[in-house]
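Survey of secondary and tertiary structure
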Amino acid sequence: MAEVTDNPALSRYEMAIDGVTAFVAYRRAGDVVELTHTEVPKVLSGRGVGTALARGTLDRIRAAGLKVRPLCPFIAAFIERHPDDADLVAADRG
């Protein structure tokens, strides 16, 4: 599977497969990355791209020493299914 890369110009983590790009859009808020939307083009569906994209995105965020705010339902569900990633979730401001 392709590697996930950060494209800060477009504020998204990307994975290109067969010339088609899947991505997770984000906003940076200090040391927190707010993941706002995941998009896997239909031509890539059913190939595990969404899972690989979520895993790669979270791995990059962890490696950078950042936290995540999973605003995207797909990413939030992925973290729920993978409790080892729960430590990445930023504490709510309050």
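Residues numbered from 1 in each chain as written. Predicted model: local features only at pLDDT ≥ 70, side-chain atom pairs only at ≥ 80, totals over all residues. Heavy atoms only, no water.

1. A look at the packing of aromatic side chains
Using the following cut-off: Working definition: rings of Phe, Tyr and Trp (its six-membered ring) pair if their centres are within 6.5 Å, and the pair is stacked with planes under 30 degrees apart, edge-to-face with planes over 60 apart, and tilted otherwise. Helix and strand definitions here come from DSSP, where helices need a minimum of 4 consecutive H or I residues and strands a minimum of 2 consecutive E residues; each element is numbered from the N-terminal end. Type-normalised accessible area, obtained with a 1.4 Å probe on protein chains alone, sets the label of each residue: buried when under 20%, exposed when over 50%, and partly exposed for intermediate values. Look at NZ for Lys and CZ for Arg. If either is within 6 Å of the ring centre and within 35 degrees of the ring normal, a charge sits over the ring.
The final tally for this structure, using the stated rule, is 1 aromatic pair. On the basis of an interplanar angle of 40 degrees and a centroid distance of 4.9 Å, the ring pair of Tyr 13 and Tyr 26 is categorised as tilted. Here the residue Tyr 13 occupies a position in strand 2 (residues 12-17), and Tyr 26 occupies one in strand 3 (residues 20-29), the gap between them amounting to 13 residues. Summarising the burial analysis for this pair, Tyr 13 and Tyr 26 share the class buried. Between the NZ or CZ atom of Arg 12 and the centre of the ring of Phe 23, over which it lies, the distance is 4.2 Å.

2. Here's the deal with the nonpolar core
Buried together is how nonpolar side chains tend to be arranged in soluble globular proteins. Under the convention used in this document: Working definition of a nonpolar core: buried Ala, Val, Leu, Ile, Met, Phe, Trp, Tyr and Cys residues. They are joined through side-chain atoms within 4.5 Å. Contact definition: two residues touch when any of their heavy atoms are within 4.5 Å.
One finds Tyr 13, Val 33, Leu 35, Leu 58, Ile 61, Val 68 and Ile 75 to be the most contacted residues of the largest nonpolar core, which totals 22 residues. Elements represented by at least two residues in this core include exactly strand 2, strand 3, strand 4 (32-39), helix 1 (49-63) and helix 2 (73-81). Broken down by element, the residue count for this core peaks at 5 residues, all from helix 1. In contact with Val 68, other than residues within four places in its own chain, are Val 32, Val 33, Leu 35, Leu 58, Ile 61, Ile 79, Leu 88, Val 89 and Ala 90.

3. Points about the environment of Glu 34
What counts is decided by this rule: Polar contact criterion, stated in full: a pair of N or O atoms within 3.5 Å, where within protein one must be able to donate a hydrogen and the other to accept it, and residues adjacent in sequence count only if both atoms are side-chain atoms.
Within the element layout of this structure, Glu 34 appears in strand 4. Each C-alpha atom of the pair Glu 34 and Cys 72 lies 8.6 Å from the other, and the pair is 38 residues apart in sequence. Within the structure, Glu 34 has its side chain in polar contact with the side chain of Arg 69 (distance 3.2 Å).

4. As for the pattern of salt bridges
Test applied: Should a side-chain nitrogen of Lys or Arg be within 4 Å of a carboxyl oxygen of Asp or Glu, the pair is scored as a salt bridge.
All chains considered together, the criterion is met by 8 salt bridges. In this structure, Arg 12 engages Glu 14 in a salt bridge whose closest nitrogen and oxygen atoms are separated by 2.6 Å. You'll find Arg 12 and Glu 14 in the same group, each marked buried. In this structure, Arg 62 and Asp 87 form a salt bridge, with 2.8 Å as the shortest nitrogen-oxygen distance. Of this pair, Arg 62 sits in helix 1 while Asp 87 sits in the segment after helix 2; the two residues are 25 residues apart in sequence, bridging distant segments of the chain. For Arg 62, a relative accessible area of 34% gives the class partly exposed. In the salt-bridge network here, residues are joined through shared partners; they are Arg 55, Asp 59, Arg 62, Asp 85 and Asp 87.

5. Some details on the sheet that holds strand 3
This is how the line gets drawn: A strand pair is defined by DSSP finding two or more bridges across the two strands. Only the contacting stretch of a helix is used when fitting its axis, a line to C-alpha atoms as for every element, and angles between N-to-C directions run 0 to 180 degrees.
Strand order in the open sheet formed by 5 strands is 1-2-3-4-5, with mixed pairing between adjacent strands. Where the open sheet ends on each side, the last strands, each with one partner, are strand 1 (5-7) and strand 5 (67-70). Taking each pair of neighbouring strands and ignoring which way they run, the sheet shows an average axis angle of 35 degrees. Two strands pair when backbone bridges link them, and strand 1 and strand 2 are joined in this way by 3 bridges, in the antiparallel orientation. Looking across to strand 2, one finds that Asn 7 is bridged to Arg 12. Against the sheet, helix 1 makes contact with strand 1, strand 2, strand 3, strand 4 and strand 5, and its axis sits at roughly 135 degrees relative to strand 2, the strand it touches most. Packing against the sheet, helix 2 makes contact with strand 3, strand 4 and strand 5, and its axis sits at approximately 120 degrees to strand 5.

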